[in-house]
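If you want the building blocks of each chain, they are given just below.
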Amino acid sequence: MEIGRLPNERAAQALVDYLKGEGIPCRITHLEQGVAIHVIEDTDQAKGRKAFLDFVQDPLNPKYLQASWDHGDNRIRFDYGAPSLQLLSQFITGAGPLTLIILLVCIAIFAAMNLGYGNQVFEALAFFGATSDAGFSQFWRLFTPSLLHFSALHITFNLLWWWVLGGKIENRIGIAPLLTLLLVAGTLPNIVQYYLSGPNFGGLSGVVYGLVGYTWVSGRMSPEKGIGLPPAMMGFMLLWLVLGFMDVFGLSIANGAHLGGLLVGLAQGWLDNRKKS
């Protein structure tokens, strides 16, 4: 019986060694992304599941290292591969297909904008009113400004959060909630931003704040999912939101999209986790 999934075999082996010390035999099954841990006896499922949830909440607890010393098999070898291949593998396995597709699309659009096609790309993807021929029949303009980025710092900040949080949601919960977040937090906050400051904006920030809100709520309501956001990170994002509205940095920040995205993420997180409960 499966008791949980982890992103890499080494972490799973630490839990397996601990369970062995508790008298719970189990095995590891390799998946396309990460590994699954199964208990051998059905009667151990409840105890094994509780141990898995404890491990997810505190994987660096010294008791797991001690268990590896006491019960680990030194004949087991982990193939970490070459450093460059290992880094690429971690990048790919740290995110699902949707996460990677959006990441690559944003990079491709940013590259095109900086290779002499900036005007053409902006005219094709910007919000209604940013260009003269942007009619309301071009419905994609509700979403596509989220794919536009105007500086290296802008795209790096957004895509890093997208990869970390979006990948975590897609890998541990599934593609459906991430796709919903992408579409809703990638459109409604754009409308808010338009009414606050006009049509000249862009960036995945609204979606990122949607991910932040969703992850934080999920961590509070369903910690067993293992996608919670540390309080320090949530505090940083809220501080950045407040400072943006105060115009401390003198930058053009899409504050309306940030706030709208956060509210979307909080609402969807509450709905999804309430239904599970």
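Treat the numbers as computed from the prediction; the structure is a model and nothing was measured.

1. Describing the overall build of the protein chain
- When its secondary structure is counted, the protein chain shows 11 helices and 3 strands.
- The secondary structure elements of the protein chain, listed N-terminal to C-terminal, are β-α-β-β-α-α-α-α-α-α-α-α-α-α.
- Here the protein chain holds 277 residues, and the buried ones make up 43% of them.
- In the protein chain, 70% of the contacts between residues at least 6 apart in sequence involve partners at least 24 apart.
- Here the protein chain displays about 15,100 Å² of accessible surface, and carbon together with sulfur accounts for 64% of that area.

2. What about the packing of aromatic side chains?
- Within the structure shown, the criterion is met by 9 aromatic pairs.
- Judged by centre distance (6.4 Å) and plane angle (55 degrees), the rings of F122 and F150 are tilted. Separated by 28 residues along the polypeptide, F122 in helix α5 (residues 97-125) and F150 in the loop between α5 and α6 (152-172) bring together distant segments of the chain.
- Within the aromatic cluster, the residues linked to one another by ring pairs are F127, F128, Y194, Y195 and F201.

3. So, α6
- Its 21 residues give α6 an end-to-end C-alpha distance of 29 Å, which sits within 8% of 30 Å, the value for a rise of 1.5 Å per residue.
- Where α6 is concerned, the buried positions are I155, N158, L159, W161, W162, L165, G166, G167, I169 and E170.
- Structurally, α6 contributes buried residues whose contacts are with α5, α7 (175-185), α9 (205-221) and α10 (231-246).
- G174 sits one or two residues past α6 and shows a positive phi near 140 degrees.

4. Quick word on the pattern of salt bridges
- Overall, the coordinates contain 2 salt bridges when judged by the stated rule.
- Between R5 and E2 there is a salt bridge, with its nearest N and O atoms 2.9 Å apart.
- Among the residues examined, R5 registers a relative accessible area of 52% and is labelled exposed.
- Taking the shortest distance from any N to any O, the salt bridge between K50 and D54 comes out at 3.1 Å. A residue pair is termed a helical-turn pair when its members lie 3 or 4 positions apart in one helix, as K50 and D54 do in helix α2 (residues 45-57) at 4 residues.

5. A look at a nonpolar patch on the surface
- Residues V192, L196, F245, L259 and L263 make up a contiguous nonpolar surface patch of about 460 Å² in total accessible area.
- Note on placement: V192 falls in helix α8 (residues 188-197).
- On the basis of relative accessibility, which here comes to 38%, the residue V192 falls in the partly exposed class.

6. Comments concerning the sheet that holds strand β3 (residues 35-39)
- On the basis of which strands lie adjacent, the open sheet formed by 3 strands has the order β1-β3-β2 and antiparallel pairing. The open sheet has two edge strands with one neighbour each: β1 (2-6) and β2 (26-30). On average, adjacent strands in this sheet sit at an angle of 25 degrees to one another, irrespective of strand direction.
- Two strands pair when backbone bridges link them, and β1 and β3 are joined in this way by 4 bridges, in the antiparallel orientation. Within β3, the position partnered with E2 by the bridge is H38.
- Its contacts with the sheet place helix α1 (residues 9-21) against β1, β2 and β3, and it is angled at close to 165 degrees to β2.

7. A short note on the confidence of the model for the protein chain
- With 87% of its residues at a pLDDT of at least 70, the protein chain reaches an overall mean of 84.
- Confidence, expressed as mean pLDDT per element, reaches its minimum in the protein chain at helix α4 (residues 83-93) with 56 and its maximum at α7 with 94.
- Counting contacts from residues 76-82, a segment whose pLDDT is below 50, to residues more than four positions away or on other chains yields 6 contacts.

8. Comments concerning the nonpolar core
- By size, the foremost hydrophobic cluster in this structure holds 38 residues, and its most contacted members are W162 and L211.
- Secondary-structure elements contributing two or more residues to this core are α5, α6, α7, α9, α10 and α11 (255-276).
- The biggest single contributor to this core is α5, with 10 residues.
- Contacts of L211, omitting those with residues within four sequence positions, involve W161, W162, L165, G166, I169, L178 and L181.

9. Comments concerning the pairing of β3
- Within β3, 5 of the 5 residues are buried, which leaves the element mostly enclosed by the surrounding structure.
- Residue alternation in β3 divides its side chains into two sets, V35, I37 and V39 and A36 and H38, and both sets are buried.

So, how was this worked out
- Residues numbered from 1 in each chain as written.
- Predicted model: local features only at pLDDT ≥ 70, side-chain atom pairs only at ≥ 80, totals over all residues.
- Heavy atoms only, no water.
- Helix = DSSP H or I, 4+ residues; strand = E, 2+ residues; numbered from the N terminus.
- Buried < 20%, exposed > 50% of the residue type's maximum accessible area, 1.4 Å probe, protein only.
- Contact = heavy atoms within 4.5 Å.
- Areas by Shrake-Rupley, 256 points an atom, 1.4 Å probe, with all protein chains shown as cover.
- Phe/Tyr/Trp six-rings, centres within 6.5 Å; stacked < 30°, edge-to-face > 60°.
- Expected span 1.5 Å × (residues − 1).
- Salt bridge = Lys/Arg side-chain N within 4 Å of Asp/Glu carboxyl O.
- Patch = residues over 30% accessible without salt bridge, like charges linked within 9 Å, V, L, I, M, F, W, Y side chains within 5 Å.
- Pairing = 2+ DSSP bridges.
- Axes fitted to C-alpha atoms, helices over the stretch in contact; angles between N-to-C directions.
- pLDDT = per-residue confidence, 0-100.
- Core = buried A, V, L, I, M, F, W, Y, C linked by side-chain atoms within 4.5 Å.

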